[in-house]
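A structural walkthrough
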Amino acid sequence: VQLQAFGGGLVQAGGSLRLSCAASRRIFSITSMAWYRQAPGKERELVARITNGGRTNYADSVQGRFTISGDNAQNTVYLQMSSLKPEDTGDYLCNVQSNYYPYIYWGQGTLVTVSS
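Residues numbered from 1 in each chain as written. Predicted model: local features only at pLDDT ≥ 70, side-chain atom pairs only at ≥ 80, totals over all residues. Heavy atoms only, no water.

1. Describing the overall build of the protein
When you go through the protein residue by residue, the secondary structure sums to 0 helices and 11 strands. Helices (α) and strands (β) of the protein occur, in sequence order from the N terminus, as β-β-β-β-β-β-β-β-β-β-β. Since a compact globule built from 116 residues should have a radius of gyration of about 13 Å, the 13 Å found for the protein is in line with a globular shape. The C-alpha extent of the protein, read off along each of the three principal axes, is 45 × 25 × 25 Å. Out of the 116 residues in the protein, the part that is buried amounts to 41%. Across the protein, contacts joining residues at least 24 apart in sequence account for 54% of those joining residues at least 6 apart. Carbon and sulfur atoms make up 46% of the accessible area of the protein, which amounts to about 6400 Å² in all. Across the protein, the 10 positively charged side chains and the 7 negatively charged ones have centroids separated by 7 Å. (Helix = DSSP H or I, 4+ residues; strand = E, 2+ residues; numbered from the N terminus. Rg over C-alpha atoms; globule rule 2.2 N^0.38 Å. Buried < 20%, exposed > 50% of the residue type's maximum accessible area, 1.4 Å probe, protein only. Contact = heavy atoms within 4.5 Å. Areas by Shrake-Rupley, 256 points an atom, 1.4 Å probe, with all protein chains shown as cover. Lys, Arg positive; Asp, Glu negative; His and termini not counted. Charge placed at Lys NZ, Arg CZ, Asp CG, Glu CD.)

Below, the structure written as structure tokens:
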């Protein structure tokens with residue numbers, strides 16, 4: 001199974017982007033879906049996560065500006081990003097966790113660049 005993320009691009013500060021991530025095949029027993037980001041020279045960080053029960057949590061830096069949503073049946077996760085800041089720049093990677101091996105799936109990143 002492969003995850004493919006898309007929707008990144010170049011946007012001015014204050015703008016919006018919507019990221020999407022879809023699985024190539026059905027992933028069974030998903031427990032959570034998430035978005036991480038990695039900025040140049042920085043460690044990968046969790047941006048947002050949604051559980052199979054619909055609970056969400058966000059990094060403090062994006063709370064109130066980003067919204068994660070998911071469709072377990074379609075194995076798709078979205079990240080609506082608003083009021084973007086230059087510090088949101090980075091490679092955004094999607095992540096899906098499952099109760100079945102291999103338990104964790106990572107997608108290739110989609111690059112978001114926010115200009116000031």
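2. Description of the packing of aromatic side chains
Scanning the entire structure with this criterion turns up 2 aromatic pairs. Note on Tyr101 and Tyr103: the rings are 5.9 Å apart at their centroids and 85° apart in plane angle, and the pair reads as edge-to-face. Residue Tyr101 is classed as exposed on the basis of its relative accessible area of 70%. Under the relative-accessibility criterion, Tyr103 is labelled partly exposed at 44%. A cation sits over an aromatic face here: Arg18 above Tyr78, 4.1 Å from the ring centre. The ring of Trp106 carries Arg44 above its face, with NZ or CZ at 4.6 Å from the centroid. (Phe/Tyr/Trp six-rings, centres within 6.5 Å; stacked < 30°, edge-to-face > 60°. Lys NZ or Arg CZ within 6 Å of the ring centre and 35° of its normal.)

3. Considerations on the pattern of salt bridges
Two side chains bearing opposite charge may form a pair once their charged atoms approach each other closely. The final tally for this structure, using the stated rule, is 3 salt bridges. The salt bridge partner of Arg37 is Glu45, with a shortest N-O separation of 2.7 Å. Relative accessible area serves as the criterion here: at 33%, Glu45 is assigned to the partly exposed category. Of the charged contacts, one joins Arg65 and Asp88 as a salt bridge, the two residues approaching to 2.8 Å between their closest N and O atoms. Taken together, the residues Arg65 in the loop between strand 6 (56-58) and strand 7 (66-71) and Asp88 in the loop between strand 8 (76-81) and strand 9 (90-98) connect sequence positions 23 residues apart. Of the two residues examined, Arg65 and Asp88, each falls in the buried class. (Salt bridge = Lys/Arg side-chain N within 4 Å of Asp/Glu carboxyl O.)

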